[in-house]
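So the chains spell out like this:
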Number of protein chains: 2
Amino acid sequence: MNIGEAAEQSGVSAKMIRYYEQIGLVSAPRRTDSNYRVYGDDEVHVLRFIKRARTLGFSVEETGTLLALWRDKTRASAEVRDIASTHIEALETKIAELQGMVKTLSHLVHCCHGDNRPDCPILDDLAGAPARKGH
Amino acid sequence: MNIGEAAEQSGVSAKMIRYYEQIGLVSAPRRTDSNYRVYGDDEVHVLRFIKRARTLGFSVEETGTLLALWRDKTRASAEVRDIASTHIEALETKIAELQGMVKTLSHLVHCCHGDNRPDCPILDDLAGAPARKGH
DNA sequence: ATAGACCTTCCAACGATGGGAAGGTCAATG
DNA sequence: CATTGACCTTCCCATCGTTGGAAGGTCTAT
């Protein structure tokens, strides 16, 4: 199949498939006489693996590691679990960070009357005004 | 003061101050005869505003809008609140997304025995194997 | 033959930041 | 006065993952 169909079947855009090939995440496929890339079910399977890993927030590099482990039948699953666990920690750190932002902003929005008066606690906060107590 | 001190006082790196100037987020400051940028407390105040907005996860573009509203004494605070509310929604969407990843990954890690056997539910999942029921 | 839907490579952009080179300037010291 | 080291200037490049487009070749159907 051509790259377009491989893209459709894997959920990875043709652009990205070429990019993944370029950076060595996937190997270069066979070409037709007219230089078209030709993919089979195996390649699509790999692309789907990549798509899923990316969806789960693994970086392309981490995805490459997971892919190598996937292909390595003798790997220790502990290694995979470590990568996943580390990744979960990173995700949770990010979540906590975003939640901190939401908390601060929610407080400010709550304090902001939101009518047409120019007085605005949100801008006051951004400008560095000391927070008033008791909401 | 020079850019270095402005950076130190505002928490925005000298690199970024120049970048913000380049993209028009802040206006070009006065220069000395030797072409050094000269900043005063007002500029530092603006930079701190920017720093705070960025820390709260606003994009540089959103920060520019907030900055304009800050300078506009006649603005409606409702407008600011809308920007903040929209931003909170975006943050919460992102959080939910990350939490979905964590949930899936946690489940997989939980299912993964993590010893030296090559059988690994995480890789099975990434490879698209149907999930087994009852953990 | 021609249209239009594919494919190819190459180049650039995004957003925000950091790194570094090559060179000018300032302050303090020997 | 000269040197040193810390600062400043502009300019270009890299990151990460992805998308867009241009310019051109190929395939299929009418």
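My aim in this report is to walk through the structure given alongside it, one point at a time. All values reported here derive from a predicted model rather than from experimental measurement.

What follows concerns the side chain of Glu-21 of chain A. Tracing the backbone through its elements, the reader meets Glu-21 of chain A in helix α2 (residues 14-22). Residues in contact with Glu-21 of chain A, not counting those within four places in the same chain, are Val-26, Ala-28, Pro-29, Arg-31, Arg-37 and Tyr-39 of chain A.

Before going further, it helps to spend a moment on the relation of the copies chain B and chain A. Rotating chain B by 180° and translating it 0.0 Å along the rotation axis places it on chain A, where the RMSD comes to 0.2 Å. Read as a symmetry element, the transformation amounts to a two-fold axis. Within chain B, Ile-95 of chain B has its C-alpha nearest the rotation axis, a separation of 2.7 Å. Residue by residue, 100% of the interface of chain B is reproduced at the interface of chain A, so both copies engage with the same surface.

Quick look at the interface of chain B and chain A now. Counting residues at the interface gives 49 residues for chain B and 49 residues for chain A. Between chain B and chain A lies a buried interface of about 4,200 Å² when both sides are counted; carbon and sulfur atoms form 72% of it. Linking chain B with chain A are zero salt bridges. Joining chain B to chain A, the criterion identifies zero residue pairs in polar contact (both at pLDDT 80 or more). Elements with a contribution of two residues or more to the side of chain B that touches chain A: α3 (41-55), α4 (60-71), α5 (77-111) and α6 (121-126) of chain B. In terms of residues, the side of chain B that touches chain A owes the most to one element, α5 of chain B, which gives 20 residues. In the side of chain B that touches chain A, the residues fall into 26 nonpolar, twelve polar and eleven charged.

Now for the packing of helix α5 (residues 77-111) of chain A against α5 of chain B. In the contact formed by α5 of chain A and α5 of chain B, the axes pass within 9 Å of each other and the chain directions differ by 155°. Here α5 of chain B runs roughly antiparallel to α5 of chain A, going by the angle between their axes. Where α5 of chain A crosses over α5 of chain B, the handedness of that crossing is left-handed. Taken together, the residues of the contact of α5 of chain A with α5 of chain B sort by class into 18 nonpolar, eight polar and six charged.

With that settled, consider the protein's contact with DNA strand D. Not every one of the 19 residues close to DNA strand D is listed here, only the nearest: Lys-15, Tyr-36 and Arg-54 of chain A together with Gly-4 and Arg-18 of chain B. The sugar and phosphate moieties of DNA strand D supply 67% of its atoms located within 4 Å of the protein. Contacts to DNA strand D include Tyr-36 of chain A, whose side-chain N or O atom sits 2.7 Å from a base nitrogen. One of the backbone nitrogen or oxygen atoms of Ile-3 of chain B is found 3.4 Å away from a phosphate oxygen of DNA strand D. Among the secondary structure elements, those contributing two or more residues to the surface near DNA strand D are α2 of chain A together with α1 (3-10) and α2 (14-22) of chain B. Here the surface near DNA strand D gets four residues from one element, more than from any other, and that element is α2 of chain A. Residues belonging to the surface near DNA strand D are distributed by class as follows: seven nonpolar, six polar and six charged.

The next subject is helix α1 (residues 3-10) of chain A. Residue and element names in this part refer to chain A. Burial in α1 covers these residues: Ile-3, Ala-6, Ala-7 and Ser-10. The buried residues of α1 occupy an angular sector of 105° when the element is viewed end-on, so they sit on one face. Following α1 by one or two positions, Gly-11 adopts a phi angle in the positive range, close to 85°.

The environment of DNA strand C is formed by 18 residues, the closest being Gly-4 and Arg-18 of chain A together with Lys-15, Tyr-20 and Tyr-36 of chain B. Considering the 4 Å shell around the protein, atoms of DNA strand C inside it are sugar or phosphate in 71% of instances. Contact between DNA strand C and Arg-31 of chain A: a phosphate oxygen at 3.0 Å from a side-chain N or O atom of the residue. Lys-15 of chain B is positioned with one of its side-chain polar atoms (N or O) 2.2 Å from a base oxygen of DNA strand C. Top contributing element to the surface near DNA strand C by residue count: α2 of chain B, with four residues. For the surface near DNA strand C, the class distribution of residues is seven nonpolar, six polar and five charged.

Criteria and cut-off values
- Residues numbered from 1 in each chain as written.
- Chains lettered and ligands numbered in written order.
- Predicted model: local features only at pLDDT ≥ 70, side-chain atom pairs only at ≥ 80, totals over all residues.
- Heavy atoms only, no water.
- Helix = DSSP H or I, 4+ residues; strand = E, 2+ residues; numbered from the N terminus.
- Contact = heavy atoms within 4.5 Å.
- Least-squares fit on C-alpha atoms with pLDDT ≥ 70 in both.
- Buried area = accessible area lost by both parts, 1.4 Å probe.
- Salt bridge = Lys/Arg side-chain N within 4 Å of Asp/Glu carboxyl O.
- Polar contact = N/O pair within 3.5 Å; in protein donor to acceptor, adjacent residues only side chain to side chain.
- Nonpolar A, V, L, I, M, F, W, Y, C, P; charged D, E, K, R; others polar.
- Axes fitted to C-alpha atoms, helices over the stretch in contact; angles between N-to-C directions.
- Parallel < 35°, antiparallel > 145°, perpendicular 65-115°, else oblique.
- Left-handed = near helix turned anticlockwise from the far one by under 90°.
- Near = heavy atom within 4 Å.
- Buried < 20%, exposed > 50% of the residue type's maximum accessible area, 1.4 Å probe, protein only.
- Arc of directions from axis to C-beta.

Keep in mind that these numbers describe shape and distance, not what the molecule does.
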